[in-house]
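# Descriptive analysis of the structure
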Amino acid sequence: MRKYEYRGVIFDLDGVLTDTAHYHYLAWKNLAESVGANFDESFNEQLKGVDRMGSLNLILAASGKNFSDADKLALADQKNLHYQSLIAQLSPADLLPGAAESLQQIRAAGLKTALASVSKNAQAVIERLGIADQFDVVVDAAKIKNSKPDPEIFLTAAAGLDLTSDECFGIEDSIAGIRAIKSASMFALGIGSPVVLTEADVVIAGLHQFSLQDYLK
Ligand code: G6P
Ligand code: MG
């Protein structure tokens, strides 16, 4: 494991700090079925970390049918309304095990923290989880042009923290997100399965297994 004098940690949100990845999955599954596209957990892995229209385009391509731009916008809205109904009741109790402790550990050690989520719902989610004040910088869909796996979101987060890529590491549960971190030349800590996150530097099952000391000199 690479050990470096890290000064900042950049977190993905959905599937890392809270299980909203499951709610995205449910809402996409519902939409995929309504347009006649096959959808399962393995297809869903390709959508994680990918922005709303990018995900929709992958599902519509799998349906084998053609959709106008107006149809696509309506379908994206339909998925988002469903997703928003699923996250309406989120509260601090929905933080995944170890999430709050990891943020506290990192901040107590004097490192900076950033959020890097391509979700347009990210700000609302961190507010409901009660962790909005735990990030020095929040980079969401409004601040970037290119979705993961493009490195833009991680590079923007590092710049916002006033740190170099070498000084940061990223934490991600998605294949697209791990690729974005590696393209940003950062150490990538995967959350989930090493069988799925093959390009991560290290994979742990969840933040309940996170200990900052493992990554410091
Ligand atoms: C995150 C999730 C994706 C989701 C994307 C856009 O990256 O991992 O599953 O599609 O955000 O979310 P939004 O809330 O803007 O539709
Ligand atoms: Mg994620």
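Summarised in this report is the structure supplied together with it.

About the thresholds
- Numbering of residues begins from 1 in every chain and follows the order in which that chain's sequence is written.
- Labels follow written order: the first chain is A, the first ligand is 1, and so on.
- The predicted origin of the model limits local features to residues at a pLDDT of at least 70 and limits the giving and counting of side-chain atom pairs to 80 or more, whereas totals for whole chains, interfaces and linings rest on all residues.
- Each side-chain value is worked out from all heavy atoms of the structure, with water and hydrogens disregarded.
- In this text, near means that some heavy atom of the residue lies within 4 Å of the molecule or strand in question.
- Definition of a polar contact: a pair of N or O atoms within 3.5 Å, with one able to donate and the other able to accept a hydrogen when the atoms are protein atoms, and with sequence-neighbouring residues admitted only if both atoms are side-chain atoms.
- Here the open area of atoms and residues is found with the Shrake-Rupley method and a 1.4 Å probe, where only the protein chains shown may cover a residue.
- Residue polarity follows a fixed list, in which Ala, Val, Leu, Ile, Met, Phe, Trp, Tyr, Cys and Pro are nonpolar, Asp, Glu, Lys and Arg are charged, and the others, Gly among them, are polar.
- Secondary structure follows DSSP: runs of H or I at least 4 residues long count as helices, runs of E at least 2 residues long count as strands, and numbering of each begins at the N terminus.
- Residue count minus one, scaled by 1.5 Å, sets the expected span of a helix.
- What makes two residues a contact is simply this: any of their non-hydrogen atoms within 4.5 Å.
- Buried means the residue's accessible area, taken with a 1.4 Å probe over protein chains only, is under 20% of the maximum for its type, while exposed means over 50%, and partly exposed covers the values in between.
- Charged residues are defined here as Lys and Arg on the positive side and Asp and Glu on the negative side; His and the ends of the chain fall outside this count.
- Definition used for salt bridges: Asp or Glu carboxyl oxygen within 4 Å of a side-chain nitrogen of Lys or Arg.
- A pair of strands counts as paired when DSSP detects no fewer than two bridges linking them.
- The axes used here are C-alpha line fits, helices contributing only the stretch in contact, and every angle between their N-to-C directions lies in the interval 0 to 180 degrees.
- Donors, by definition, are the N, O and S atoms found within 2.8 Å of a metal, the threshold being 3.2 Å for Na, K and Ca, and water is not counted, so a site can look incomplete.
- What sets the label is the angle itself: under 35 degrees gives roughly parallel, over 145 gives roughly antiparallel, 65 to 115 gives roughly perpendicular, and the rest give oblique.

## A closer look at the site of ligand 1
Lining the immediate environment of ligand 1, one finds 14 residues, of which Gly49, Arg52, Ser119, Lys120 and Asn121 sit closest. Separating an oxygen atom of ligand 1 from a side-chain N or O atom of Ser119 is a distance of 2.6 Å. One nitrogen or oxygen atom from the side chain of Asn121 is found 2.6 Å from an oxygen atom belonging to ligand 1. Across the complex, the protein chains shield 97% of the 390 Å² of accessible surface that ligand 1 would expose by itself. Among the residues forming the shell around ligand 1, the class breakdown is four nonpolar, five polar and five charged.

## Side note on helix H3 (residues 52-63)
Here H3 spans 17 Å end to end across 12 residues, near enough to the 16 Å set by a 1.5 Å rise per residue. Buried positions along H3 lie against helix H1 (20-34), helix H2 (41-47) and helix H4 (69-86). Taken from the residues just after H3, Gly64 is the one with a positive phi, measuring 75 degrees.

## Remarks on the environment of Ala132
With respect to the helices and strands, the residue Ala132 is situated in the loop between helix H6 (122-129) and strand S3 (137-139). Here Ala132 falls in the partly exposed class, since its relative accessible area comes to 28%. Discounting chain neighbours no more than four positions away, the residues touching Ala132 are Gln123, Ile126 and Glu127.

## Overview of the side chain of Asp140
Assignment of secondary structure puts Asp140 in the loop between S3 and helix H7 (152-161). Lys143 is the oppositely charged side chain nearest to the buried, salt-bridge-free Asp140, at an N-O distance of 4.6 Å. Once residues lying within four places of it in the same chain are set aside, the contact partners of Asp140 are Ser117, Ser119 and Ala122.

## Considerations on the pairing of strand S5 (residues 187-191)
Where burial is concerned, most of S5 is hidden: five out of the five residues are buried. The side-chain alternation of S5 yields two buried faces, one formed by Phe187, Leu189 and Ile191 and the other by Ala188 and Gly190. As judged from the four bridges shared by strand S4 (residues 168-172) and S5, these two strands associate in the parallel manner. Of the residues in S5, the one forming a bridge with Glu172 is Gly190.

## Topic: the sheet that holds strand S2 (residues 112-116)
If you walk across this open sheet you meet the six strands as S3-S2-S1-S4-S5-S6, and the pairing is parallel. Taken across any chain shown, the strands that pair with only one partner, and hence form the sheet edges, are S3 and strand S6 (202-204). Strand-to-strand twist across the sheet, computed as the mean angle between neighbouring axes with direction ignored, equals 20 degrees.

## Description of the coordination of the magnesium ion (ligand 2)
The coordination sphere of the magnesium ion (ligand 2) contains the protein donors Asp12 (OD), Asp14 (O) and Asp173 (OD), at a distance range of 2.0 to 2.1 Å. Binding-site remark: the magnesium ion (ligand 2) is held by donors from one chain whose sequence spacing is D-x1-D-x158-D. Here Asp14, found in the loop between strand S1 (8-11) and H1, pairs with Asp173, found in the loop between S4 and helix H8 (175-183); they are 159 residues apart in sequence, far enough to count as distant.

## Regarding the packing of H3 against H4
Taken N-terminus to C-terminus, the directions of H3 and H4 make an angle of 110 degrees; their axes are 10 Å apart at the nearest point. Judged by the angle between their axes, H3 and H4 are roughly perpendicular. Facing Arg52, Met53, Leu56, Asn57 and Leu60 of H3, the residues of H4 in contact are Lys72, Leu73, Leu75, Ala76 and Asn80.

## A short note on the pattern of salt bridges
Applying the stated criterion across every chain, the model contains eight salt bridges. Note that Glu45 and Lys48 form a salt bridge whose closest N and O atoms lie 3.2 Å from each other. Among the ionic pairs, Asp201 bridges to Lys182, the shortest N-O distance being 2.7 Å. Of the two residues, Asp201 is situated in the loop between S5 and S6 and Lys182 in helix H8; the sequence distance between them amounts to 19 residues. Here the residues in one salt-bridge network are Asp12, Lys148 and Glu172, joined through shared partners.

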